[in-house]
Protein chains: 2
Amino acid sequence: MEYRFSDNVQRLQSSAVRDILKLTQGKEIISFAGGLPAEELFPLDAIRDAAERVFRTGKNSLQYGLTEGFLPLREQLCARMAQKNMHVAPDEMIVTTGSQQAIDLVTRILMNPGDVVLVENPTYLASLQVFGLSGLNVVPVESDKDGMVIEEAERLMKLHKPKMVYVVPTFGNPTGRVWSLERRKGLIELSHRYGVAILEDDPYGEIKFDPNADYPTLFSLDGKAGNVIYTSTFSKTVAPALRTGWAIGNREVIGNMAKAKQAADLHSSTLDQQTLDQLLQHFPLDDHIRTISKAYGERLQQMQTLLTKQGWSDVKWVEPKGGMFLWLELPEALDSEALLRAAVKKNVAFVPGASFYAADPQRNKARLNFTYTTGERMATGITRFAEALNEFMARC
Amino acid sequence: MEYRFSDNVQRLQSSAVRDILKLTQGKEIISFAGGLPAEELFPLDAIRDAAERVFRTGKNSLQYGLTEGFLPLREQLCARMAQKNMHVAPDEMIVTTGSQQAIDLVTRILMNPGDVVLVENPTYLASLQVFGLSGLNVVPVESDKDGMVIEEAERLMKLHKPKMVYVVPTFGNPTGRVWSLERRKGLIELSHRYGVAILEDDPYGEIKFDPNADYPTLFSLDGKAGNVIYTSTFSKTVAPALRTGWAIGNREVIGNMAKAKQAADLHSSTLDQQTLDQLLQHFPLDDHIRTISKAYGERLQQMQTLLTKQGWSDVKWVEPKGGMFLWLELPEALDSEALLRAAVKKNVAFVPGASFYAADPQRNKARLNFTYTTGERMATGITRFAEALNEFMARC
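Source: prediction; values computed, not measured. (Residues numbered from 1 in each chain as written. Chains lettered and ligands numbered in written order. Predicted model: local features only at pLDDT ≥ 70, side-chain atom pairs only at ≥ 80, totals over all residues. Heavy atoms only, no water.)

Focus: the overall build of chain A
Summing up its helical and strand segments, chain A has 14 helices and 13 strands in all. A globule of 396 residues ought to have a C-alpha radius of gyration of about 21 Å, and chain A, at 21 Å, matches this closely. Across its three principal directions, the C-alpha atoms of chain A cover 60 × 60 × 55 Å. Split into buried and exposed, the 396 residues of chain A put 65% on the buried side. Carbon and sulfur atoms form 48% of the exposed surface of chain A, whose accessible area is close to 14,300 Å². The average position of the 45 basic charges and that of the 48 acidic charges among the side chains of chain A differ by 2 Å. (Helix = DSSP H or I, 4+ residues; strand = E, 2+ residues; numbered from the N terminus. Rg over C-alpha atoms; globule rule 2.2 N^0.38 Å. Buried < 20%, exposed > 50% of the residue type's maximum accessible area, 1.4 Å probe, protein only. Areas by Shrake-Rupley, 256 points an atom, 1.4 Å probe, with all protein chains shown as cover. Lys, Arg positive; Asp, Glu negative; His and termini not counted. Charge placed at Lys NZ, Arg CZ, Asp CG, Glu CD.)

See below:
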C-alpha cells in the first residue's frame, strides 16, 4: 500500500552526519565527520570487569527495571553532579538512552506543535531533528564567540514567546565554543524574566584541555530555582555503545519525562546501567577522563599543526578549549557541501557546516572531528583534505 | 518557575502497572501485576558468555553503531523471521529499545495529532500511552474470544477513516486471546480495502503451550504486500534487561522509522545487540523457548488449579494457550480497582482490568501474571487474593 506519513517525519531530513557515516562504512575513507571518540582509549577491561560483576549479582540483574533508571547508578550520578555544584536527589534525575533521548523527552513533555524553541546558530544538528519531529518552530539566535547574544535572545523572547531555549554552553557542537560567564548569567536572568525553560546539553563539558579550567553549568548557576533542565552522557567519557545518558531537573519535569519514557521505551538497558554503576564503583573515571582529555588536546594540536602547515591565509578557526570538534571557516565563496563531494572522492570526509544552522546557513564552514583519528592516519587525512581544498580554491 | 507542559503529556496517565510495581518494590508483596518473566529461567550463563565474546572482539565493539541496528544481528533475525514465513532483508528491519519503542516510532512516523487508530478493547495499556502521547484519537473495536469483530472494524473504518489499526493477535495482553485464522485474514482484507496500515505487536507469539500449534502472523499472511508492520522482542524469550526488540516492514516505513529513531535516541545499546548476536550464534534459543514455554504452561495449570479450588461460581476465565496472563472475569458488581486496594493490604497485587480499555471499561476484570511466581509463593499469593476477594464478595 501507499503509506501516508506524518507531517513531522515528512519534514524531517535524514542527518547529513549519519548519511556520511553510512556512505563511508567499511571503506578506506578517513573520516573527520562523525563525532566519534577514540576507540583505542575505551576502558574495555574495566567495562568487561564491571559487566562480569553485574552477572555475578545473579539473574535478577536481567529483569525489567524502573523507568527512571537503576537507583544505585542514579545515586552515584547525584554525587558526581554535586561535585559540579549541581545538587539533586535521585528523584530529580532520569536515566536516558544517551542524552539524545533526554532532548527528545524534554521536547515531548514541554512543547506542542508550533511552539517556539530558541537555539544557537549554528547548533547540534540532531537537536534540530528532534525539534522537527515534534513540529516545533525553531528560531535561531545570533551567537558569537562568547555564546548567544543576550540582547538578541531577549528581543526574540519578546517577539516569539518561546517556551524553551536549547543551548550547549561548553564546547558546543559544531563550534567548540565556550560561553562566557556573563552570557551564562544573562540567559538565566532572561529565563526568569520571560518564563522560558532552559535545556542545557552538556555532553562535552568534562573533555577540557586545561584540567583546571572551570566552566560552571547553567544548572549550577541557577541553583535550586529549577529553570534549567540539564543533560549529559557517558558516551564521550566511557563509551557510546552503552547508550547511557541522564537528565536532571525539578521533580515535576522528571516525573513527566518518566511518563513519556514509559511510552517511548519503558526503560533503558539495565545491563548497561548496572555495568556503569559497577564501573563507577571500581574504576577511577575522573583519572580516565583526564587521560582522554589530554590525548584529545594533543590530537587537536596535531590537527592544527597540519592545517597551519598548508599556509592558507583564508582558512580560519578559533582554537577550542575542549570537546571534539574544530570549526573551520573556509574562503567565503566556497560551498563546503560541494567540497565534501570532492573530498569523498579523495577518501576523506568531514561535515559541511550548513547542516548545523536552523536558518541562514553559512555555506563556507566545515566541522572536523579531531578525536577519532591520530598519528599517520590523521596526517594522511589532512593531506587528502588539503588536496581537495586546494583544487577547489584554484577553481574558485 | 511554573512549567507549562505539553497538551499530550498532561493528558497522559501514568501506567497503573508501573505505579503498582513501584508501590510493591522491595516489599513483601506477592505480585501477579507485572508482566515479568521468570527470573530463575533467564539464561544468565549464556548471556555472560555472549557478552564475554563481544568484549573479545575488541574496543570497536564499544563505538557508536548504526541507527538501524547491528547488521549481523539483523541478518540472524531475518533468518529467524523467515522460519516463520516472514521474508525480509536486513534493510526492511530496524532494531529498537524493546518492541515498546517500535510502537512509538511507528506512531510518530505515520500519525498526526487527531488521527484515528483502531485498537482491540481491551488492549495493551502501554500502547494506549503511546497513542495518548502523540495526541491520537483512539477508537476501540468490539472484540470477542476470536479477536476483533471484523464487521465492527469495517463499520469503524468507514466511519473514522483510521490510518492505522494496532493489534496483538497471538496471546494478547491482557486477555491471552488468540485470533482465529478467519479474523486474521478478515483484518488484512479490510486493510487493503480501506488503505489502513496494520501494526502487529507480537511479544508473546513464541511462548505457546502446545509446541506444535501454529498461529500464522498477519505479516506472513499478508506476504510481500506490505500493509503490515510487525514487531517483536527478546524481552520475554531471553531477558528484558537487554531491551532489544525489532520491527519489520516495507523499506519506506523502516527508513522513516530510522529517521525518527536518529532523533529519538540515535541507536539502541550496541553492547546488548552484539551480545544477542553472539547468543543467537552459540546458544540453542529455540530449545530455551520450548523450556520456558513448558514451565509457563505448568505455572498456568498451577494457578488455574488454585483458583478452581476456591469453588467460586462467578469467577470465570478462558484458558490461555500461551503468553503470560490470565484474564479473570469477577462478579459483575465488583470493582477490581477497589479489590486491588484491599488485596495490597493483604500483600498481593494484580492489575485491575479497567486500565486496558480505550473506552467503556469493564470494572470487574483482573489481569494475573502466572509466569513470575511459582510453587509455594504462588499458592500463598492466590490464598491472599482469595481472602481479599471472598471478603469483598461477602460485602457485595
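Here the narrative resumes, following the displayed structure.
A few points about the domain arrangement of chain A
Residue and element names in this part refer to chain A. Split by domain assignment, chain A resolves into domain 1 (7-42 + 286-395) and domain 2 (44-282). A C-alpha centroid distance of 25 Å is found between domain 1 and domain 2. If you look at the interface, domain 1 gives 33 residues, while domain 2 gives 34 residues. The three residues of domain 1 that bury the most area against domain 2 are Phe 42, Lys 321 and Phe 356, which together make up 19% of that side's buried surface. In this structure, Asp 286 engages Arg 80 in a salt bridge whose closest nitrogen and oxygen atoms are separated by 3.0 Å. Counting only elements with at least two residues in the side of domain 1 that touches domain 2, the list comes to α1 (7-11), α12 (285-309) and β10 (325-329). Sort the elements by how many residues they give to the side of domain 1 that touches domain 2 and α12 lands first, with eight residues. (Domains from an automatic or database assignment. Contact = heavy atoms within 4.5 Å. Buried area = accessible area lost by both parts, 1.4 Å probe. Salt bridge = Lys/Arg side-chain N within 4 Å of Asp/Glu carboxyl O.)

A few points about the side chain of Ser 293 of chain A
Residues and elements named next belong to chain A. Within the fold, Ser 293 resides in helix α12. Looking at Ser 293, its side chain comes within polar contact range of the main-chain oxygen of Glu 206, at 3.5 Å. Ignoring any residue separated from it by four or fewer positions in sequence, one finds Ser 293 in contact with Glu 206, Ile 207, Lys 208 and Phe 209. (Polar contact = N/O pair within 3.5 Å; in protein donor to acceptor, adjacent residues only side chain to side chain.)

Details of the interface of chain B and chain A
On the chain A side, the residues contacting the 87 residues of chain B number 87 residues. Here chain B and chain A share an interface that buries about 7,800 Å² over both sides, 55% of which is from carbon and sulfur atoms. Applying the counting criterion to the chain B and chain A interface returns four salt bridges. Its salt-bridge partner being Arg 48 of chain B, residue Glu 52 of chain A comes within 2.7 Å of it at the nearest N-O pair.

Section: the pattern of salt bridges
Residues and elements named next belong to chain A. Enumeration according to the criterion identifies 40 salt bridges over all chains in this entry. Glu 154 serves as the salt-bridge partner of Arg 193, at 2.8 Å between the closest nitrogen and oxygen. Here the residue Arg 193 occupies a position in helix α8 (residues 181-194), and Glu 154 occupies one in helix α7 (residues 150-160), the gap between them amounting to 39 residues. For Arg 193, a relative accessible area of 45% corresponds to the partly exposed category. Shared partners join several salt bridges into a network, and the residues in it are Arg 80, Lys 84, Glu 206 and Asp 286.

Looking at helix α14 (residues 375-395) of chain B
Residues and elements named next belong to chain B. Here α14 is 21 residues long and its end C-alpha atoms lie 31 Å apart, about the 30 Å a rise of 1.5 Å per residue gives. Among all positions of α14, only Met 378, Ala 379, Gly 381, Ile 382, Phe 385, Ala 386, Ala 388, Leu 389, Phe 392 and Met 393 are buried. On the buried face of α14, the contacting elements are β1 (30-31), α12 (285-309), β10 (325-329), α13 (336-345), β11 (348-349) and β13 (365-369). (Expected span 1.5 Å × (residues − 1).)

Let's talk about the sheet that holds strand β5 (residues 147-148) of chain B
Residues and elements named next belong to chain B. Across the sheet, which stays open at both edges, the eight strands sit in the order β2-β9-β8-β7-β6-β3-β4-β5 with mixed pairing between neighbours. Each end of this open sheet is capped by a strand with a single partner; those strands are β2 (93-97) and β5. The strands touched by helix α5 (residues 98-110) within the sheet are β2, β6 (164-167), β7 (197-201), β8 (228-233) and β9 (244-248), with β2 carrying the most contacts at an inclination of about 115°. (Pairing = 2+ DSSP bridges. Axes fitted to C-alpha atoms, helices over the stretch in contact; angles between N-to-C directions.)

Concerning the pairing of β6 of chain B
All names here are of chain B. Covered by surrounding structure in β6 are Met 164 and Tyr 166 together with Val 165 and Val 167, the residues of both alternating faces. Relative to β6, strand β3 (residues 116-121) runs parallel, the two being bridged by three bridges. Looking across to β6, one finds that Val 117 is bridged to Met 164. With four bridges connecting them, β6 and β7 associate as parallel partners. What sits directly across from Met 164, in β7, is Ala 197. A crossover connection joins β6 to the parallel β7 through helix α8 (residues 181-194); in handedness this β-α-β unit is right-handed. (Right-handed = clockwise from strand over helix to strand, strands pointing away.)

Considerations on the nonpolar core
Nonpolar side chains tend to gather and get buried jointly when the protein is soluble and globular. Counting 104 residues, the largest nonpolar core has Leu 187 of chain A together with Leu 187 of chain B as its most contacted members. In this structure, Leu 187 of chain B is in contact with Met 148, Ile 150, Met 157, Val 165, Val 167, Trp 179, Ile 198 and Leu 218 of chain B, ignoring residues within four places of it in sequence. If you look at the next biggest cluster of nonpolar residues, it comprises 68 residues, including Tyr 166 and Leu 199 of chain A together with Tyr 124 and Ala 264 of chain B. (Core = buried A, V, L, I, M, F, W, Y, C linked by side-chain atoms within 4.5 Å.)

Points about the relation of the copies chain B and chain A
Taken as rigid bodies, chain B and chain A are interconverted by a rotation of 180° and an axial shift of 0.0 Å, the fit giving an RMSD of 0.0 Å. Such a turn and shift between the copies fits a two-fold axis. No C-alpha of chain B lies nearer the rotation axis than that of Ser 269 of chain B, which sits 3.5 Å from it. Residue by residue, 100% of the interface of chain B is reproduced at the interface of chain A, so both copies engage with the same surface. (Least-squares fit on C-alpha atoms with pLDDT ≥ 70 in both.)

Some details on the UniProt feature "domain: Aminotransferase class I/classII large" (unreviewed entry) in chain A
Under the UniProt annotation, "domain: Aminotransferase class I/classII large" (unreviewed entry) lies at residues 41-378 of chain A. Span residues 41-378 of chain A is 43% helix and 16% strand, its end C-alpha atoms 16 Å apart. (UniProt positions renumbered as here; feature names shortened; annotations may be inferred.)

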